[in-house]
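# Descriptive structure summary
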2 protein chains.
Amino acid sequence: MSVYLHDIPLAEALQRLGEALEAAGLGGILGTEEIQLDVAATGRVLAEAVFARLSSPHYPASAMDGYAVRSEDTAGALPSTPVELKVATDQLRENAHSHVYEENQAYTCYLDTGDPLPDWADAVIPIEQVESLVTAGDGFSPAPDPRQPHIIRLRAAVTPWSHIRPVGEDFVATQFVLPAGQVLRPVDLGALAASGHDRVLVARKPRVAILPTGSELVPLGTAVKPGDILEFNSLVLAAQVEGWGGEATRLAITPDNFNLLCARVREAACTHDLVLINAGSSAGSEDFSARVVSELGKLLVHGVAVRPGHPVILGMLLPERTGCERPVPVIGVPGYPVSAALTGEIFIEGLLARWLGRSPFEPVIVTARLTRKVTSPGGDDDYLRVAVGRVGEQLLAAPLARGSGVISSLVRADGIAILPSGSQGLPAGADLQVRLYRSLAELERTIFAIGSHDIALDLMAMFLSRRRRRLSSANVGSQGGLVALRRGEAHLAGAHLLDPLTGEYNLRYVGEYLPGMAIKLVALVGRQQGLLVRPGNPIGLRSLEDLQKPEISFVNRQRGAGTRVLLDYHLDRLGIKPQSVRGYTREEYTHLAVAAAVQSGRADCGLGIAAAAQALGLDFIPLFQEQYQLVIPTVYYDDPLLAPLRELLYDPTYRQSVAALPGYDVSRMGELVADIQ
Amino acid sequence: MSVYLHDIPLAEALQRLGEALEAAGLGGILGTEEIQLDVAATGRVLAEAVFARLSSPHYPASAMDGYAVRSEDTAGALPSTPVELKVATDQLRENAHSHVYEENQAYTCYLDTGDPLPDWADAVIPIEQVESLVTAGDGFSPAPDPRQPHIIRLRAAVTPWSHIRPVGEDFVATQFVLPAGQVLRPVDLGALAASGHDRVLVARKPRVAILPTGSELVPLGTAVKPGDILEFNSLVLAAQVEGWGGEATRLAITPDNFNLLCARVREAACTHDLVLINAGSSAGSEDFSARVVSELGKLLVHGVAVRPGHPVILGMLLPERTGCERPVPVIGVPGYPVSAALTGEIFIEGLLARWLGRSPFEPVIVTARLTRKVTSPGGDDDYLRVAVGRVGEQLLAAPLARGSGVISSLVRADGIAILPSGSQGLPAGADLQVRLYRSLAELERTIFAIGSHDIALDLMAMFLSRRRRRLSSANVGSQGGLVALRRGEAHLAGAHLLDPLTGEYNLRYVGEYLPGMAIKLVALVGRQQGLLVRPGNPIGLRSLEDLQKPEISFVNRQRGAGTRVLLDYHLDRLGIKPQSVRGYTREEYTHLAVAAAVQSGRADCGLGIAAAAQALGLDFIPLFQEQYQLVIPTVYYDDPLLAPLRELLYDPTYRQSVAALPGYDVSRMGELVADIQ
């Protein structure tokens, strides 16, 4: 197979697709259907503008519970000279003017809210504004049945048309109600009903077939072995398609077999409006998608200059090749989950919007300051996932993991910033335009934590989510956290930096990294550090000295991590040179990542906490006890944003769940270790 | 019946409900269910925090299509001194270190993206970075099958762990994936699947019964007669409930019959988690809801100090009265559609959020300047519906119709501003906090039109919605529109103000109202004004002079309307005194409202345009031809926001649809009548 035909700019790819759609007569709404106006109409898209068939109200209606009157009959009513009206029976409602007067007595009749106004009346007096009497001239009679014959007394005249809903107050028949393209909301259903509709013409839902391909794919629920890949892109794509107003069909996993793929794609094309092939869109030895598209139609684009997600295929399946009635567009969706989800957002949402006749979704865009330098491959638009939060006055965007296989980064992302091709990247502090995935209100409730990783922080995130706070934490090591605090890029940092001279934690480093800043140093947990080894300790490790043995491979933490500081301190104390530790330069960013490296056999051992060993079923050789603390600038410590976090440190349930972690000591949790002015 | 028990503040009402729920054990999540991880899981709410069951990837995987190597075998490779490796067959993948070397030749094997890394390898070289040779020392051989035995040549050494996805790159087993309370999005389904889940524990959907009551209610699709009210609140409420994560049951319409209502509520309570009674929640003669709630349980609240929507009932149905297994909360929802929909937002959304364990929805809140004075009843929180748009630098909020029966105002609303009880109202120009119903991006595309109403503007709104613009128009009459332009509260105003001295339209008024402002005066339509009468002209009307006949009643337009200016001019010219026209003081705000008043018999005639007569099947007595123009400040005329509107004036389809209106002349449409500097 060849490499990509060509990585073309996104705008050009979209244009080629748009032109092909126009040429195939698929540039607009696919079709319409008339549906019942019921709950299932919510989210459907109006296929035509709707005008009122009926005025609402369709008759002059009483706006209150009260008495229908001719306003002229109330003329002259004053507190001192009341007017009395005789309440007539129900049939009066229907009667003409001539019947209203009898023995020189003006009549009235009772109306409930919504009752039609009798022809002879031109106003309603609310029931609260009249006095009820048993007979004329009598005193007040408490709450008679307002429908029964009695007398009412008024002490103020009413103006014509008071408390009446005129015909068409809401909609006049023929009036414009809603435009074509409206995505129906609950109140829209009400407006359609009020204006006399019980059926509604909407755009037909585009039918989208999703074909997962790859001999390595296995369905969810399979007990996996190395090389098996759980197939879930079709799930994400189908959920996207349905959320955007389409109808998704997930087809069975198809192995890498060219003829079989052709058959499946052909079959899908004849019964759907769009076929998604996932994956095989790259240029590997078993990537058949481009060949399949060429075989069954026209390959429009193979490779788009966006990252992640560049090996996208856009094509048009042609009736003369498929035997279907119509041409059907096809998208080869890249296999990495982040690429697949972004392909949905970039290509599929807009296509469905076009076919439904609605506006494409518009993200809220905010300007935020980049917390870390990012580099970017020059040739592609780079879709950078970021966490967004407000720290002080500043909206910040912290870049998340960039691998296209890391779907957790998309789950954690508060938004996407697009670095245009040719930008090479951006320095820390640069202004970014971020397309938000979450509401700004939600982001305003986000606590930004940065620094060293600890499992107590993961649990804290969980507990805070029940207290209307989000904890967004970035793992950059203890020293990295202090640097971020200095730059105003987080509300707090987790740190466990040992000062070998005093045996204290963090205090000296805070003085060095954050001079002049008012800081609260708060105890979180004491925890055990030691060596993580595979179960049964097959390499017979006993101490740090053993790391010098050439047959033992080690996995390290990154520079600036508290655990790395601890290791370096002890290696130095023991006179062990880093070069003599095999794997010293291999760095991981969390305790669990170190544990995973040991578990998978990529390293024999690593330094980390007991809880990480337990989590992955490893053995643990305890070496040191250390203090993990929160470093919180006083200005944020006192902020209402952090109040739930401060409370949490004394919450028995939280403390219990942290104490249950092996090697964890919560006895000092919440204690103010130092208050630096 | 008595009046409301008491209009209590919203916070107190919510607190009473909250306490009753806690006491009944209904303060939190109602229950859980385990569901398949498929598309239907989207939107469901996680009932517990989810941790990874499987690392992702669960084995060290190749991140690229390429060749597995031991990095040490590539040491020393340089452009001038390449290293050659022998590509071995598939079984090498499984083999141990000892098999790798043969005849002193280092081996490699080909891997597709995602293939597991063989135990002996510690790096992958992307296929693009190697040269393929048929045999050692040979020249480049184009694209052989990379799996077949051949030789690859490298011209750079690789560092260990290059192009490998380590175990747990995305999730390490046991790692926190998503918190309880997470509303599942498509990417969340992917994260759950990637971390080894194929089922997921979610909150059970709360079951909500909606009982429409009222002898006047008829189902959608009924041919209505006066007094019939189409029942659609249950549709709006059901759509809201489903959108907020509940499961709605719409029950049959129940007439105003106390015993029947009790029976229906009892039945609903035994099979649902919440019962909504709509309406009968007020204090009228047939408002039974409060009695039903008292009969079957405890009435907690009757009347909340919010407007619209104050006659809300909150109660708890008790098992000893209903015979059901559990207590069930009940809400009496007011009958007016705006009140009903707002009751949903205020009470039901929060209740469902609580029962689902998710955060309540948080609207985006913006500050906008109030365009018109609003008065407010002192005692209630006043939920003011507003249109929001940006005019110049200013975000503006224009109050919409305030009647609780006017659902069109809720459909048109871009947001809600709450005027707290005791405020008495706010002056024009005051800053308002608006809770938005639409995205800010959508509002930035809104063209604010104000002034005289014309049907060509309704059609314009329809056409603009296909061009990514919204037209939000307020009908305040021609003069009102000019005043709004002066205050910077709209992008354009429709006006048809006749200058009797010159016979010109608008020019003199623009000079008077907008002195010193650069203005473009743009022709929209010529149109016919005349008298609207019922079909067959039963009152035998011929001219304006006939309005003096005492048996003829007239309906007028409001002061400042161009049509009113026209009438007053001609009455004056004919020497007719306004007092001699019966109904002169009765004002409507649009042509269609005048037509509706005539059609319903509330007036015999009115002055208006031919199109309004035709729309409602009225007869039309033509009197005058007039010019309706757009008054556009030059600064907005040139703004890209208005570009689609300027183009529209020359769009043949738009012109045709306007020209099809009776009495409309589009020959001058788009013409620049005056360019005032």
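Residues numbered from 1 in each chain as written. Chains lettered and ligands numbered in written order. Predicted model: local features only at pLDDT ≥ 70, side-chain atom pairs only at ≥ 80, totals over all residues.

Scanning chain A from terminus to terminus reveals 18 helices and 38 strands. At 36 Å, chain A has a C-alpha radius of gyration far larger than the 26 Å of a compact globule built from 677 residues. Along the first, second and third principal axes, the C-alpha atoms of chain A reach 120 × 75 × 45 Å. In chain A, which comprises 677 residues, the share counted as buried stands at 52%. The long-range fraction of contacts in chain A, counting pairs at least 24 apart against all pairs at least 6 apart in sequence, stands at 75%. (Helix = DSSP H or I, 4+ residues; strand = E, 2+ residues; numbered from the N terminus. Rg over C-alpha atoms; globule rule 2.2 N^0.38 Å. Buried ≥ 20, exposed ≤ 12 C-beta atoms within 10 Å, placed from the backbone. Contact = placed C-beta atoms within 7 Å.)

Listed by partner, the interface residues are 99 residues for chain B and 99 residues for chain A. Of all the elements in the fold, those that place two or more residues in the side of chain B that touches chain A are helix H2 (186-194), strand S15 (229-230), helix H3 (233-243), helix H7 (337-356), helix H8 (407-412), helix H9 (440-443), helix H10 (455-465) and helix H14 (591-599) of chain B. In terms of residues, the side of chain B that touches chain A owes the most to one element, H2 of chain B, which gives eight residues. For the side of chain B that touches chain A, the residue count by class is 52 nonpolar, 25 polar and 22 charged. (Nonpolar A, V, L, I, M, F, W, Y, C, P; charged D, E, K, R; others polar.)

Residues and elements named next belong to chain A. Spatial ordering of the open sheet is given by S16-S13-S17-S21-S20-S18, a layout of six strands whose pairing is mixed. Strands at the two margins of the open sheet, each flanked by one partner only, are strand S16 (247-250) and strand S18 (297-302). Strand-to-strand twist in this sheet, taken as the mean axis angle between neighbours without regard to direction, amounts to 20 degrees. Sheet analysis places strand S20 (residues 313-317) next to strand S21 (residues 328-333), joined by five bridges and oriented antiparallel. For Gly315, the partnering residue across the bridge sits in S21 and is Val330. (Pairing = 2+ DSSP bridges. Axes fitted to C-alpha atoms, helices over the stretch in contact; angles between N-to-C directions.)

With that settled, the discussion passes to the confidence of the model for chain A. Residues and elements named next belong to chain A. Averaged over all residues, the pLDDT of chain A is 90; the fraction at 70 or higher stands at 95%. Taken together, the stretch residues 95-100 has pLDDT below 50 and engages in eight contacts with residues farther than four places along the chain or on a different chain. Complex prediction metrics read pTM 0.91 and ipTM 0.91. (pLDDT = per-residue confidence, 0-100.)

This next bit is on the environment of Leu220 of chain B. Here Leu220 of chain B is to be found in the loop between strand S14 (217-218) and S15. Look at Leu220 of chain B and you get partly exposed, because 19 C-beta atoms sit within 10 Å. Once residues within four sequence positions are removed from consideration, Leu220 of chain B is found in contact with Leu37, Ala193 and Asp198 of chain A together with Leu230 and Phe232 of chain B.

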